[in-house]
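Now for the letters of each chain:
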Amino acid sequence: MKTIEKERRRLREALSRERTKRGLEAGAYLLSGLLLAKSLVPGIGSPFAIALICVSRKKNYYFSALGAATGYLLFCPESLARYAAAVIIALLGALAAELADAKNDFPLPMLTGFLTLLATGLAVDLKTSAVLAEYALTLAESILGAGAAFFFFRAINCSRTRFRFRALPVSDMVCVLISASLLMMSLSGITIGGVAPARVAALAAILICARFGSDKAALALALALGFAFGLAENGALFLVGAYGFSALLALLFCSFGSLCLSAAFVLSFALFTITAGAPVIFFLEPFIAAVILLLIPPRACDKIEAFFRGGADITPDGSLRQSLVMRLRFAAGAMNYISESVNDVREKINDINARNIRPNEPLSDAEYLSREIINEKTNEIRMVAADQFFSISDMLSDLAKEFDEAEHFDAIAAGRLRRLLGEYEIYPKNISVIEDKFGRMRIEIQAGGRETGFSNPRLQKEIAKACGRYFAKCSITHFQKETMICFSEKPNYYLEAGFAQKSAEGTLCGDTVKIINDNRGHHILIISDGMGKGGRAALDGAMGAGLLAKLLSAGFGFDCALKVVNCALLVKSNDESLATLDCACVDMFTGRVDLYKAGAPASYIVKNGRVTKCELSSMPAGILRGIEFAKRTAVLSSGDYIILASDGITDLGTDWLYALLTGAQDIPVQELADEILREAAKLCEDKRADDMSVIAARLCRID
């Protein structure tokens, strides 16, 4: 009963939310119809409310028609009969389009609006014996209504899932701005002491968009509002140029701050006002808007900038990155399907072989054993092949996820950098500002020729300020006729690392040590211990560590990299081949260290003279299919050590190692690694020794 009651309550709440949403939507259409009926173009008429009725859908045409009829009754009583008839015809047209399921076809509402206004206008002209000029005005009003229907249709039907200012395609954004401008047009007639609050609000919106938003949005908004307000009043068409050119001039001074931007806008607007011979009161409106911009508090500025940035990282439909992600996912699915097919074929072959065995077939023990070994080895190879395809599928999936979710391109910061570099007379071919899944930023700039201007310390500081990050010194790579300049975010720490090794027999050590930097703010320490001693063990260890290091440097994850290494060791030779893998991934920004172990002995962390043992149970690579890393996470502070060692060091007991590490504070890491190796070598002088390897690393804060 409780479950049923809970479900009923949830359903009632959902219905209540839906009713509220429908009520707000209906109210918006009603108010829009009322305001657009007041949007009168001097000498032509008021076609915009009729256009709204033609594009309304989902029963909203009733509310837009009601709002339009009320508006025409209040604001156009002299033409009420004509517009009342137009409202009825437009309503019938919208209803017919809904019944015909033509809601996604924009030419139909445009044609309906055009014919409705033309037919009712011609009827009035014929009745009043109008002259040719009045017929031309009727045609102009009909064309204006059809154009408004197009803009309204695109604004209403733009993708709601992408309805964030920066996420909208440019064409949809322009249609939204023009539609909003036509709504604002109806309010331009309301004045206080000759100043129109609607125009002041519009000018403030232009300045805010120019200061915090994008250049394209600011220019589109300025031109749309200038056109709408220019139509609303006789002799005010100069506002189109005043709004548009003043916004363009303001954008040129945007990098100098709000004060310079506002001054350029106000002075440009004043020039247009004087040239057009317009009333001086027009000059006060941009001045008030500029004061509003300058008085916005810093916290509100941050929120406004966040609003304009919303959706900037959404990949446009049909983009190269989206296409690449899709192809990678399809490829991963194909690899997964191939792996499953190989497994199915393997099982069917095993069944066939089992059925083909004749019980009475005379076989010697040697022949029987040989056949079983061949079947077993063949079956193992097929299983490893299936695992390889699974590994490739995982790698492709990792890449797809990395491109799709882990990184986004900051187009706003890239635009700032292009303007900044232009001030230094540097004009790069391409600028990419990339933020990775860890929230860290890197900049890649492609320039022509041997660009050397980036060595300027002042420029580097300006680049850091423009992006709001601290960057390490840039790296400059010259190749052929181009130059690549890369800035990576400056980490909080750096890693001091040292290692020492000793071979149990001969000159070849069965352990392999790797210390790599993945260029993403991580240092990775690896020890791989091959089975046994000498050359064979060295080959297994080098193969395990080398493959793992290459895959991790390429950006693949630890899990899929281990699968590839495991498969490679399984098929390397007919003899048993294995290697332990001991890894530590240290984040240079946070001090977090992730430990990954596949059959490896314990690691040790030294914090303030206290030693912590990190021991994890796992299987080495190269023995069985489907092995996984055992994982553990810790956090290092500045001055803390981490010690990785092969089993040749730790098999002789660890009491001596604890004693040595307890007093290891402030010892150089290379000296510490050498001391650990010397102590281990002393303990096994008269015993059978194994290969020995140790890595000592210390995290240090960057001053």
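Residues numbered from 1 in each chain as written. Predicted model: local features only at pLDDT ≥ 70, side-chain atom pairs only at ≥ 80, totals over all residues. Heavy atoms only, no water.

Of all nine residues that make up strand β8 (residues 522-530), nine are buried, and the element is covered over most of its length. Residues of β8 alternate between two faces, with His522, Ile524, Ile526, Ser528 and Gly530 on one and His523, Leu525, Ile527 and Asp529 on the opposite face, all of them buried. With seven bridges joining them, strand β7 (residues 511-517) and β8 adopt antiparallel strand pairing. Bridge pairing links Ile515 to Leu525 in β8. Pairing analysis gives nine bridges linking β8 to strand β9 (residues 579-587), with the strands arranged antiparallel. Opposite Gly530, over in β9, you have Ala579 as the bridge partner. (Buried < 20%, exposed > 50% of the residue type's maximum accessible area, 1.4 Å probe, protein only. Helix = DSSP H or I, 4+ residues; strand = E, 2+ residues; numbered from the N terminus. Pairing = 2+ DSSP bridges.)

The next point concerns a nonpolar patch on the surface. On the surface, Leu284, Phe287, Ile288, Val291, Ile292 and Leu295 cluster together into a nonpolar patch covering about 510 Å² of accessible area. In this structure, Leu284 sits in helix α12 (residues 281-294). Residue class for Leu284 comes out partly exposed when judged on its relative accessible area of 38%. (Patch = residues over 30% accessible without salt bridge, like charges linked within 9 Å, V, L, I, M, F, W, Y side chains within 5 Å. Areas by Shrake-Rupley, 256 points an atom, 1.4 Å probe, with all protein chains shown as cover. Salt bridge = Lys/Arg side-chain N within 4 Å of Asp/Glu carboxyl O.)

A few words now on the packing of aromatic side chains. Taken as a whole and judged by the stated rule, the model has 13 aromatic pairs. Centroid distance Tyr243 to Phe269: 5.6 Å. Interplanar angle 55°. Geometry classified as tilted. One end of the pair, Tyr243, is in helix α10 (residues 238-252); the other, Phe269, is in helix α11 (residues 258-276), with 26 residues separating them in the sequence. Overall, Tyr243 belongs to the buried group, its relative accessible area being 0%. Judged by relative accessible area, Phe269 falls into the buried class, the value being 0%. Taken together, the ring pairs in this structure connect Phe229, Tyr243, Phe265 and Phe269 into an aromatic cluster. Positioned above the aromatic ring of Phe75 is the side chain of Lys38, whose terminal nitrogen or guanidinium carbon lies 5.7 Å from the ring centre. Taking the ring centre of Phe212 as reference, the NZ or CZ of Arg211 above it sits at 5.5 Å. (Phe/Tyr/Trp six-rings, centres within 6.5 Å; stacked < 30°, edge-to-face > 60°. Lys NZ or Arg CZ within 6 Å of the ring centre and 35° of its normal.)

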